[in-house]
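Chain residues, written in single-letter form:
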Amino acid sequence: MTEEDWDLVAAFHAQCSEQNLLRRWGRTRLAPRDLSRLLAHAQCWIGFGADERPAALVCVGRVSRELGVFDLGLQVVDHRQRQGIGTALARQATRHARTRGAHTLSAFTQASNEPMLRLFDRLGPTSHTRDGPYVEVRLALDSLAPDPGTAPP
């Protein structure tokens, strides 16, 4: 990740409320070392709005290091939420995971993070495992219809 990328991530997070940052990261500030660790196990993309400002950050990869499981991290700036951006990025992350051999997409989030829980439920059949104030949501990628943009195996 270049210095310019760090600037984009910082500009993205500057547009997010503390509540949004807490919901996604469990804290109000993301340190460069945290993102570096994430990048060691996942691919991350920054999505831009029509105003050319960062509007979303998505990361997908083998963060948990569980065979066949890709973890999804997703955040959309406050003023761009509820516009389908998160769903579109989650679908792209699902395609990315499937093409790399994943059979499951997982997210570990706060149980109160209803937008993320609803998003996963919209993608397909999910299972939820509660752990105190957190929940792990899993989506069986094998249960989804084939992606129309890819050829069958």
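No experiment lies behind these values; they were computed from the predicted model shown.

(A) Expanded view of the pattern of salt bridges. Here the structure, examined in full by the defined rule, presents three salt bridges. Between Glu-66 and Arg-138 there is a salt bridge, with the nearest N and O atoms lying 2.5 Å from each other. Of this pair, Glu-66 sits in the loop between β2 (54-61) and β3 (69-76) while Arg-138 sits in strand β6 (residues 134-140), and the two are 72 residues apart along the sequence. When its relative accessible area of 35% is taken as the criterion, Glu-66 is described as partly exposed. On the accessibility criterion, Arg-138 (22% relative accessible area) is partly exposed. For Arg-118, the salt bridge is made with Glu-114, and the minimal N-O distance between the two is 3.7 Å. Taken as a pair, Arg-118 and Glu-114 lie in helix α5 (residues 114-123) at a separation of four residues, close to a single helical turn. Judged by its relative accessible area of 36%, Arg-118 falls in the partly exposed class. One salt-bridge network, in which partners are shared between bridges, spans Glu-66, Glu-136 and Arg-138.

(B) Inspection of unusual backbone geometry at higher detail. One non-glycine residue with positive phi stands out, namely Arg-65, at about 65°. With respect to the secondary-structure elements, Arg-65 resides in the loop between β2 and β3. Taking the relative accessible area as the measure of exposure, Arg-65 reaches 60% and is therefore exposed. In this structure, Arg-82 is a non-glycine residue whose phi angle is positive, near 65°. Along the chain, Arg-82 turns up in the loop between β3 and α4 (85-99).

About the criteria used
Residues numbered from 1 in each chain as written. Predicted model: local features only at pLDDT ≥ 70, side-chain atom pairs only at ≥ 80, totals over all residues. Heavy atoms only, no water. Salt bridge = Lys/Arg side-chain N within 4 Å of Asp/Glu carboxyl O. Helix = DSSP H or I, 4+ residues; strand = E, 2+ residues; numbered from the N terminus. Buried < 20%, exposed > 50% of the residue type's maximum accessible area, 1.4 Å probe, protein only.

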